[in-house]
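# Structural overview
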Amino acid sequence: MPKIKIKPVIQGEEVKFNIDAHYLTALYEYLVPTSYEEMIQISEVKLREQIMQTYRHGLERGVDIYGLQEKLYRKNPKLWRKLSNNGSKMMLTEDSIQDLKIHLTIPYTGKYKRKV
């Protein structure tokens, strides 16, 4: 189960979100021997791209796929009401995610021995 922390960052009447996500993953098969560091780096970049792509697809459909607005509502309901017109409009934009940190741990790396 991923551990994800979403923090709204309020700057005046503008809100951005910092996301810190930790994932435990496994890699069962790959064709070329790769160092653990390379596996982590490649996987983190790919996962970051997929998260942002899903976020953008949600925005196109008017959906807050990651529940970012709810995090603002919990932290500052007055500002949330103002920015979302009491929840009747989407307050998110493509730039609403200010920082997305991905941390992966791969305890199982397939048939190759992990070299740390």
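Our subject in this report is the structure included herewith. What you are looking at is a predicted structure, and each value in this text was computed from that prediction instead of being measured. (Residues numbered from 1 in each chain as written. Predicted model: local features only at pLDDT ≥ 70, side-chain atom pairs only at ≥ 80, totals over all residues. Heavy atoms only, no water.)

### Points about the nonpolar core
Counting residues in hydrophobic clusters, the biggest one holds 27 residues, and the most contacted among them are Phe17, Leu68, Leu72 and Ile102. Sort the elements by how many residues they give to this core and helix H1 (residues 36–60) lands first, with eight residues. If we skip the residues at most four places from it in the chain, Phe17 touches Ile6, Lys7, Pro8, Leu68, Leu72, Met91, Leu92, Ser96, Ile97, Gln98 and Asp99. (Core = buried A, V, L, I, M, F, W, Y, C linked by side-chain atoms within 4.5 Å. Buried < 20%, exposed > 50% of the residue type's maximum accessible area, 1.4 Å probe, protein only. Helix = DSSP H or I, 4+ residues; strand = E, 2+ residues; numbered from the N terminus. Contact = heavy atoms within 4.5 Å.)

### Examining helix H2 (residues 68–75)
Within H2, the full set of buried residues consists of Leu68, Gln69 and Leu72. One face of H2 carries all of its buried residues, which in axial projection span an arc of 100°. (Arc of directions from axis to C-beta.)

### Thoughts on the pattern of salt bridges
Scanning the entire structure with this criterion turns up five salt bridges. The shortest N-O distance in the salt bridge between Arg61 and Glu60 comes to 3.8 Å. Take Arg61: its relative accessible area is 61%, and that puts it in the exposed class. In this structure, Glu70 and Arg74 form a salt bridge, with 2.7 Å as the shortest nitrogen-oxygen distance. With Glu70 and Arg74 both in helix H2 and four residues apart, this pair spans about one turn of that helix. (Salt bridge = Lys/Arg side-chain N within 4 Å of Asp/Glu carboxyl O.)

### Regarding the packing of aromatic side chains
Taken as a whole and assessed by the stated rule, the structure comprises one aromatic pair. Taking 4.9 Å as the distance between ring centres and 80° as the angle between the ring planes, the aromatic pair formed by Tyr73 and Trp80 counts as edge-to-face. (Phe/Tyr/Trp six-rings, centres within 6.5 Å; stacked < 30°, edge-to-face > 60°.)

### Some words on the pairing of strand S1 (residues 3–11)
Both S1 and strand S2 (residues 14–26) contribute to a ladder of nine bridges, which runs antiparallel. The residue of S2 that forms the bridge with Gln11 is Glu14. Counted along the chain from S1 to the antiparallel partner S2, the turn is two residues long, and its residue Gly12 has a positive phi close to 70°. (Pairing = 2+ DSSP bridges.)

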